[in-house]
Structure formats: structure tokens, C-alpha cells
Amino acid sequence: MARITAGIAASHVPAIGAAIDLGRTGEDYWKPMFAGFDWTKRWIAEAKPDVVILVYNDHASAFDMRIIPTFAIGCAESFKPADEGWGPRPVPDVIGHPDLAWHLAQSLILDEFDMTMINEMDVDHGLTVPLSLMFGQPEAWPVKVVPLAVNVVTYPPPSGNRCWALGEAIARAVASYPEDLNVQVWGTGGMSHQLQGPRAGLINAEWDNRFLDGMIGDGDALRHIPHIEYLRETGSEGIELVMWLIMRGALGRRTRALHRHYHVPASNTAVGHLVLEPVS
Amino acid sequence: MTVPKDIHEYLAEFDDIPGTRVYTAKRARAGYHLNQFCMSLMKAENRERWKADERAYLDEWPLTDEQKEAVLARDYNRLLDLGGNIYFLAKIFSTDGLSFVQAVGTMTGMSAEDYQAMMVAGGRSPEGVRSIRANHAGADGGDRKESN
């Protein structure tokens, strides 16, 4: 049977992708940000997941204003890096796992989560930057990926509680997949950042670190944080953190932290990173 | 389970955040064509036509005159007011060769250097910019200046 062995949380700032692609990770500005991922790179080379269910949001790349799915699952054989206005990132195509993706979609719908299925889409920095952070610059990504896109752009995004519950349903669906697969769930985006208006540049390290604390152990207070709190405390784009709760929900009642990293800034954003393990 | 939310109360709270335009349905509807115009700049051939004659390219889109003027002026705060969303507006500033940190800084009234320096120093503190109401009541500490 397939099993969820770990969860990873990581920010997905486009400038991080650019720094990797342009070979600037050794610059003073970037060094401490990337250093926090060294441990994870070593760990994941040993952990060798077969598939990552990668929770991210599209930033007006695959989805424009014509179609706004709340939860969309990528069922394609492969996904190309999107041209976000400056040409696609020079990274490998992302290879999907259509069997698992369709199994998840079917199981989740029976479990009353009405997923949108996507058979063709490009994936933007929201999905490819976390892959680059964990795996560097390989010829081909060493994992298959089931993209799970969440609307966190047009209000209302799903509630934190709904995201957590979706994670719990994902855990049930993975557990009923017959093939023996080592599955990780990644929650990406965040942490505090605001990219718009006179309040742009907001960072709230204290709140972010409380959120990191809340991801660890058996507490579930995070699922009840209302949207307005994310907006006030973490900036308008900090709302992306609800996506971390899908990962957290998928790990079950209790988690243990294997690794933790927090750094300000990457461009306009506070970078947070966790590697969590479910504790049964 | 959580209690069902009242959508009117939910939305009303968003207007209480200083210097922030939450991308609600109202804004999304007002900005539909503006944002779709931005999306068109994802294609290299459209970027070329846009760069060759911005006004002519814009006139192919059913934007309001106000929206067109704000696009031409790269007035991003105005564009947010007129229904633009930052991830869509990013297509304009990316085409101009600006990074997020450069373009976002223009909305704060700070110079690019000052904004970048603020970010490197840890970003903008949430103190005093959480709530317009609280600022009026003097309960949020920080300065009382309202930046919305």
C-alpha cells in the first residue's frame, strides 16, 4: 500500500528560482536562505520519495480569470514549466503520476471533496521552486509529482479548516492506493509577505514562528485561524499559508519536526521551511 | 466544524486593513478585462506588439479609459483600485524588466533603494498597520497614520 512518510513546507518565491537558475545562490544576499535547505537536500536523497503530492498555487500562469478552481488536481503524464512573462524556467518537465492522481481525485470526490481534474497545464514557480530547493538542478526530477493547485488569489480561498480536512482525506486516499509507494506531501507558499499597496513589504517574524510551532506536535489550533488574521498579521499574500495546512492535515494527529528554517528576506517575502514526519 | 460564515461580514472586514486591497469578487469583476489583458503579455509575440505601441495594443481590449491611463502610467496602486490583481499586473512589470521587489516598492511611496533596504532589515513591521479602526481607537500602538 502507498504511505505518507513525510511532509515538507517551503516558500516558493520566484526570485529564489531566478537565483538558482542564474547561479547566484552563493551571493551574500542568498547564502543564508539557501543554507537552510542543505540539510533537506541530504535528507531527501536518502528518503527517496516515489511521489510528491505538491500543494501550491498558480500565479496567473495556467489559470487566468476565466476559470478559478478552488482545489485542482493535475492528472497529466507531464507538466511543462510555464512562461511567466520572462520565458519558462530552465528546469526539467515535471513528470506526473496519473494513476495516483486519478485515484486521489476519485477517492476525494467520494469523500465529499469536489476536486477539479486538470489534464493539461503548465506549472509555474509555485511548483518548480520547491522542487529546485530540494533537488537542486538535476537533468530530470528524481520524483513524480501530483500537482494540487489551490486558489489563494481570488477571495474567498478555502478556509484553513477545509484545507486541513482535505489533507486528512488525502491521507485516507493514499492509504487505499494498492501500489507500494513512498509518498510525501509538500505544502508551499508563504510565509508573511505583501506584494501590493502602501503596506507592501510587511513581514511578521513573530507570527510566522508561532505558525511554524503550530505545525509541530499534536495541536490543531492552526486550522481555525480565520482569513482576516492572515491578512492583518502576515500581509495579503501570507494567505498562501493555508496550503501548508493541507500537508499538515495529511500527516495525521501528531508530527515531529526533523528540520526547521526561517529567513527574511527573499525578495519581498519571509521564507519558512519545515520537514515533518508523522508520529503514529 | 466551523459555523457558516456570513459573506457580508467576512468581506466588510477586508476594508479595515490599511494600505491593502483584498482581491474580492467585486474587484475581480471590475478588473476582468484588465487582468486578461495582462495575461496576454505571457506570450512573446504579444509582448513585442505591446512594446511597439502600448496605446494601440491597449485599445484592442475593452478596458475603461481610467484603466488604460493607469496601465500606461504604471500606477499600480490605481490599478489595484480598478480591479487589477498583483499576479496579473506582474505581467506588465515583468515585460518592463522589473523584478517583484522593484515593482512592489513603487506602491509604497518609498524609493527602490529604501524599500530594498527595509526588506533586508526585516521588512515592514505589522505594528500600526493591522487595522484602520484600531488605529482610530488608538488601540494598535504604533503611529496613527492611515495609509489606505
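It should be emphasised that the depicted structure is a prediction, and the values quoted were computed from it without experimental measurement.

## Describing the overall build of chain B
Part 1: A count of helices and strands for chain B gives eleven helices and zero strands.
Part 2: Over its C-alpha atoms, taken along the principal directions, chain B stretches across nearly 50 × 40 × 30 Å.
Part 3: Evaluated residue by residue, chain B yields a buried proportion of 34% over its 148 residues.
Part 4: Contacts spanning at least 24 positions in sequence make up 51% of the contacts within chain B whose residues lie at least 6 apart.

## Thoughts on helix 7 (residues 205-215) of chain A
Since the α-helix packs 3.6 residues into each turn, any two residues three or four apart lie on the same face.
All names here are of chain A.
Part 1: Trp 207, Asp 208, Phe 211 and Met 215 are the residues of helix 7 that are buried. Axial view of helix 7: buried residues confined to an arc of 100°, hence all on one face.
Part 2: The inward-facing, buried residues of helix 7 contact strand 1 (3-10), helix 8 (227-234), helix 9 (242-250), strand 9 (254-266) and strand 10 (269-279).
Part 3: Looking one or two residues beyond helix 7, the residue adopting positive phi is Gly 217, at roughly 95°.

## Some details on the pairing of strand 1 of chain A
Residues and elements named next belong to chain A.
Part 1: The buried fraction of strand 1 amounts to six of the eight residues, a majority that puts the element mostly inside the structure.
Part 2: When strand 1 meets strand 8 (residues 182-188), the two strands line up parallel, connected through seven bridges. Across the sheet, Gly 7 pairs through a bridge with Val 185, a residue of strand 8.
Part 3: Note: strand 1 against strand 10, four bridges, orientation antiparallel. Paired with Ala 9 across the two strands is Leu 274, which belongs to strand 10.

## Considerations on the interface of chain A and chain B
Part 1: In this complex, chain A contributes 36 residues to the contact, which on the side of chain B involves 48 residues.
Part 2: Going through the elements one at a time, helix 1 (14-21), helix 8 and strand 9 of chain A are the ones with two or more residues in the side of chain A that touches chain B.
Part 3: Counting residues per element, the side of chain A that touches chain B draws most heavily on helix 8 of chain A, at four residues.

## Notes on the environment of Arg 232 of chain A
Part 1: Along the polypeptide, Arg 232 of chain A turns up in helix 8.
Part 2: Spatially, the C-alpha atom of Arg 232 of chain A lies 37 Å from that of Pro 49 of chain A, the residues being 183 residues apart in sequence.
Part 3: Each residue touching Arg 232 of chain A, except ones within four places of it in the same chain, is listed here: Ile 17, Arg 130 and Ser 131 of chain B.

## So, the pairing of strand 7 (residues 144-150) of chain A
Residues and elements named next belong to chain A.
Part 1: With seven of seven residues buried, strand 7 is to be regarded as a mostly interior element.
Part 2: A two-sided burial pattern is seen for strand 7, the buried positions comprising Lys 144, Val 146, Leu 148 and Val 150 on one face and Val 145, Pro 147 and Ala 149 on the other.
Part 3: Sheet analysis places strand 2 (residues 51-56) next to strand 7, joined by six bridges and oriented parallel. Of the residues in strand 7, the one forming a bridge with Leu 54 is Pro 147.
Part 4: With three bridges connecting them, strand 3 (residues 71-74) and strand 7 associate as antiparallel partners. Looking at the pairing, Ala 72 lines up with Ala 149 of strand 7.

Scoring rules and cut-offs
- Residues numbered from 1 in each chain as written.
- Chains lettered and ligands numbered in written order.
- Predicted model: local features only at pLDDT ≥ 70, side-chain atom pairs only at ≥ 80, totals over all residues.
- Helix = DSSP H or I, 4+ residues; strand = E, 2+ residues; numbered from the N terminus.
- Buried ≥ 20, exposed ≤ 12 C-beta atoms within 10 Å, placed from the backbone.
- Contact = placed C-beta atoms within 7 Å.
- Arc of directions from axis to C-beta.
- Pairing = 2+ DSSP bridges.

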